[in-house]
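Chain by chain, the residues:
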Amino acid sequence: MDAGTTLLGSLLAATGVLGAAAVAYLGKRGENALSGYSSLTDKLQTERDRLERQVAERDTRISELSTMHAADQSEIARLRLDIHRLGGAP
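Residues numbered from 1 in each chain as written. Predicted model: local features only at pLDDT ≥ 70, side-chain atom pairs only at ≥ 80, totals over all residues. Heavy atoms only, no water.

Q: Which parts of the structure should I look at to understand the overall build of the chain?
A: In terms of regular secondary structure, the chain is built from one helix and zero strands. When each of the 90 residues of the chain is scored for burial, the buried share is 0%. Carbon and sulfur atoms form 64% of the exposed surface of the chain, whose accessible area is close to 7800 Å². (Helix = DSSP H or I, 4+ residues; strand = E, 2+ residues; numbered from the N terminus. Buried < 20%, exposed > 50% of the residue type's maximum accessible area, 1.4 Å probe, protein only. Areas by Shrake-Rupley, 256 points an atom, 1.4 Å probe, with all protein chains shown as cover.)

Written as structure tokens, this is what we have:
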């Protein structure tokens, strides 16, 4: 083999190694991007679940307060009737 063939073979091998390194680098970047996307998705789903629980708790509390309000209004009406029945002014 002469020096020209050896040089050409070395350049082709170096190009192949650099190409493989570039593909590996880009593949790793894609893997990191996918991992980051999955992590972000997991965080968003966790936050969504937490917010759904908070909304459900809030709705339950609103329902309880609404029931208490209706009971209070009923009691106020009953007491006004008692005051009126006893001759007072409400």
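After that view of the structure, there is still more to cover.
Q: So what exactly am I meant to see when it comes to the pattern of salt bridges here?
A: As a working rule, side chains carrying opposite charge can pair if their charged atoms are close by. Under the counting rule described, the total for this entry stands at seven salt bridges. In this structure, Arg 48 and Asp 49 form a salt bridge, with 3.1 Å as the shortest nitrogen-oxygen distance. Arg 48 sits in the partly exposed class, given a relative accessible area of 42%. Note on Asp 49: relative accessible area 31%, which makes it partly exposed. Here Glu 75 and Arg 78 are joined by a salt bridge, their closest N and O atoms 2.6 Å apart. (Salt bridge = Lys/Arg side-chain N within 4 Å of Asp/Glu carboxyl O.)

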